[in-house]
Amino acid sequence: MMNASKEYYVCSCFYTHNIFLQQYKIHVTYFEDDDRFLKEWKQSLASKGCKSDDQIQKVLTQVKSEVARRKTLGEQFLERREKISENYTPLHPHIYKLKESYFTEEFLNIVQYAKSNTATLEELVKQLKSENAKEVYSFPVFTENFCQEFMEEISHFENTDLPKGRPNTMNNYGILLNELGFDEDFITPFRVEYLRPITGLLFPDWGGDCLNSHKAFIVKYKVGEDLALNYHYDNAEVTVNVSLGHDFAGGNLYFGDMRWVPLRDTECTEYEHRPTYGLLHRGQHMHGAMPITSGERYNLIIWMRSSYIRNEMCPMCGRKPKLVKTVGFGDGFTVDAPEVINLCSTL
């Protein structure tokens, strides 16, 4: 369960930064000032095809709408979670509580080794598959049977008329797992008891041994819906991405370099999704997903966060975070950071 001794926060940049405009494939910032926005972004938008006054006004409307949505995100989350809890009947209620039988034997052996007193990075890496991109590792995680039941549960929920919060502005289809009730008895023990022993050895410089919060969601790719995912980095110290399956073609992941490396100096490598397999990588490692060409694919994504790392610098704005109170895990910041401010003073 969530650490009851800690309160979690977002950085104030959540309400100003990293606003994705799907039609122009660009992230922008907005500081409640139209003139400043035009001064900072008009030229970049024009290079993407946004040139007319009408197009600019539509962009401003979209940006303001997204900012307004973010301001009420905590309230909306609580309302959706309450409605879902009161009105949703799970198809497979047993999968909401994590069990070792959901894991492959190979994954359990990896976890057992990582927890041992004699575990070393070198020996752990030998038990994983090192992908072509630096510090990207894959390994089998869940059984086929569990993946099938998990996808059936998500599809069952999708087919209801209950409200659904989407993962982010880059994914129009998908499910926030905390709203559906998976956090306390599934995602949190998965992170703490199974993934953190592994990440502690693989990513010590990124707080791999003290990942104390997360954001977990399902993304769905399907012809006629979301096909691909643009080049980006995650709001996470470490990310795990598990392909749950379904029949699909295409949709390979591609990795570049860390977010501070210019694209011109980057050579991308591809990774082909395999159902039941997970992929571990640093959150600041730039990546994207190529278009799916047929079928549909579900992926479980967990952005794992270390307040020890992000309290020093927000990964989204690159500054010391200014904290804004929120609900749940927020974006993983804690009161260890020096300043807590009211939302109204940041906008």
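No experiment lies behind these values; they were computed from the predicted model shown.

Draft legend 1. Examining the overall build of the protein more closely. Along the protein, the regular secondary structure elements total 9 helices and 18 strands. In terms of C-alpha radius of gyration, the protein reaches 20 Å, essentially the compact-globule figure of 20 Å for 347 residues. The 347 residues of the protein split such that 51% are buried. Within the structure as shown, the protein displays about 16,300 Å² of accessible surface, and the carbon and sulfur contribution to it stands at 47%. The distance from the centre of the 39 positive side-chain charges to the centre of the 48 negative ones in the protein is 5 Å.

Draft legend 2. Region of interest: helix α8 (residues 183-202). Compared with an ideal rise of 1.5 Å per residue, which puts 20 residues at 28 Å, α8 spans 24 Å between its outermost C-alpha atoms and falls more than 12% short. Its axis deflected by about 55° at leucine 195, α8 carries its strongest bend there, up to four residues before the proline proline 197. With 14 of 20 residues buried, α8 lies mostly within the body of the structure.

Draft legend 3. Just the pairing of strand β15 (residues 292-305), in detail. Across the 14 residues that make up β15, a large majority, 11, are buried. Of the strand pairs in this sheet, strand β9 (residues 238-245) and β15 are connected by 7 bridges, and their pairing is antiparallel. If you follow valine 242 over to β15, its bridge partner there is leucine 300.

Draft legend 4. Here's a closer look at the nonpolar core. Judged by nonpolar contacts, the single largest core of 52 residues is most densely connected at Phe107, Phe142, Phe150, Phe190 and Leu300. When residues of this core are traced back to their parent elements, those giving at least two are α4 (105-115), β5 (137-140), α6 (144-158), α7 (177-180), α8, β7 (213-222), β9 and β15. When residues of this core are assigned to their parent elements, the largest contribution, 7 residues, is made by α8. Every residue in contact with phenylalanine 190, bar those within four places of it in the chain, is listed here: Leu98, Phe103, Phe107, Val141, Phe142, Leu195, Leu300 and Ile302.

Draft legend 5. Focus on the packing of aromatic side chains. Evaluated as defined, the whole model comprises 26 aromatic pairs. With a centroid separation of 5.2 Å and an interplanar angle of 85°, the aromatic rings of tyrosine 8 and phenylalanine 329 are classed as edge-to-face. Of this pair, tyrosine 8 sits in strand β1 (residues 8-11) while phenylalanine 329 sits in the loop between β16 (323-325) and β17 (333-334), and the two are 321 residues apart along the sequence. In this pair, the class of tyrosine 8 matches that of phenylalanine 329, namely buried. Here phenylalanine 142 and phenylalanine 146 contribute two aromatic rings whose centre-to-centre distance is 4.7 Å and whose plane-to-plane angle is 45°, an arrangement assigned as tilted. Note on phenylalanine 142: relative accessible area 0%, which makes it buried. Judged by its relative accessible area of 1%, phenylalanine 146 falls in the buried class. Members of the aromatic cluster, each reached through a chain of ring pairs, are Tyr96, Tyr102, Phe103, Phe107, Phe139, Phe142, Phe146, Phe150, Phe182, Phe186, Phe190 and Tyr194. Over the ring of phenylalanine 31 we find arginine 36; its NZ or CZ atom is 3.9 Å from the centre of that ring. Lying across the ring of phenylalanine 333, arginine 310 places its NZ or CZ 5.2 Å from the centre.

Draft legend 6. Spotlight on the sheet that holds strand β12 (residues 269-271). The sheet built from 4 strands is open, its strands ordered β8-β14-β11-β12 with antiparallel pairing. Each edge of the sheet is formed by a strand with only one pairing partner; in this case those strands are β8 (229-232) and β12. Strand-to-strand twist of the sheet, defined as the mean angle between neighbouring strand axes without regard to direction, takes the value 25°. Bridge count for strand β11 (residues 253-258) against β12 is 3 bridges, and the pairing is antiparallel. Bridge pairing links tyrosine 254 to glutamate 270 in β12.

Draft legend 7. Structural view of the state of the cysteines. Within this structure, the stated rule accounts for 0 disulfides. Of all cysteine sulfurs, the one in cysteine 13 lies closest to cysteine 11, which takes part in no disulfide; the gap is 3.7 Å. With no disulfide partner, cysteine 13 has as its closest neighbouring cysteine sulfur the one in cysteine 314, 3.6 Å distant.

Draft legend 8. Seen up close, the side chain of histidine 17. Mapped onto the secondary structure, histidine 17 falls in the loop between β1 and β2 (19-21). A relative accessible area of 12% places histidine 17 in the buried class. For histidine 17, the side chain forms a polar contact with the side chain of threonine 16, separated by 2.7 Å. Sequence-distant contacts of histidine 17, that is, excluding residues within four places in its chain, are made with Val28, Thr29, Phe31, Arg70, Met316, Cys317 and Arg319.

Draft legend 9. Looking closely at the confidence of the model for the protein. Within the protein, residue pLDDT values average 89, and 91% of them lie at 70 or more. Confidence drops under a pLDDT of 50 for residues 337-347, and excluding neighbours within four residues, the segment shows 23 contacts in the predicted structure.

Draft legend 10. Just the side chain of arginine 305, in detail. Mapped onto the elements of the fold, arginine 305 is located in strand β15. Classification of arginine 305 as buried rests on a relative accessible area of 0%. For arginine 305, the side chain forms a polar contact with the main-chain oxygen of asparagine 235, separated by 2.8 Å.

Calculation notes
- Starting from 1, residues in each chain are numbered consecutively following that chain's sequence as written.
- The model is predicted, so local features are restricted to residues of pLDDT at least 70 and side-chain atom pairs to those at 80 or more, both for listing and for counting; the totals for chains, interfaces and linings are taken over all residues.
- Based on all heavy atoms of the structure, the side-chain values leave hydrogens and waters out of the count.
- Helix numbering and strand numbering both begin at the N terminus, where a helix is a DSSP run of H or I of at least 4 residues and a strand a DSSP run of E of at least 2.
- In this setup the radius of gyration rests on C-alpha atoms only. A globule is expected at 2.2 Å times the number of residues raised to 0.38.
- Only protein chains enter the accessibility calculation, which uses a 1.4 Å probe; a residue is then buried when its area is under 20% of its type maximum, exposed when over 50%, and partly exposed in between.
- Areas reported as accessible are Shrake-Rupley estimates using a 1.4 Å probe. Residue values count occlusion only from the protein chains shown.
- In this tally Asp and Glu are treated as negative and Lys and Arg as positive; neither His nor the chain ends contributes.
- Lysine's charge is taken at NZ, arginine's at CZ, aspartate's at CG and glutamate's at CD.
- Each residue after the first adds 1.5 Å to the expected span of a helix.
- A residue's bend is given by the angle between axes fitted to the 7 residues ending at it and the 7 residues starting at it.
- The pairing criterion is simple: DSSP has to find at least two bridges between the two strands.
- Remark: nonpolar core denotes a set of buried residues (Ala, Val, Leu, Ile, Met, Phe, Trp, Tyr, Cys) joined through side-chain atoms within 4.5 Å.
- Throughout, a contact is declared for two residues whenever any of their heavy atoms are within 4.5 Å.
- Think of it this way: a Phe, Tyr or Trp ring, Trp meaning its six-membered ring, pairs with another when their centres are within 6.5 Å, and the plane angle makes it stacked under 30 degrees, edge-to-face over 60, tilted otherwise.
- Counting as a charge over the ring demands two things of the Lys NZ or Arg CZ atom: a distance within 6 Å of the ring centre and an angle within 35 degrees of the ring normal.
- Between N-to-C directions, angles cover 0 to 180 degrees, with each direction set by a line fitted to C-alpha atoms, over the stretch in contact for helices.
- Two cysteine sulfurs form what is called a disulfide whenever their separation falls within 2.5 Å.
- Between N or O atoms, a polar contact is any pair within 3.5 Å; within protein, one atom must be a potential hydrogen donor and the other a potential acceptor, and residues adjacent in sequence are included only when both atoms are from side chains.
- Here pLDDT means the predictor's own confidence in every residue, given as a number from 0 to 100.

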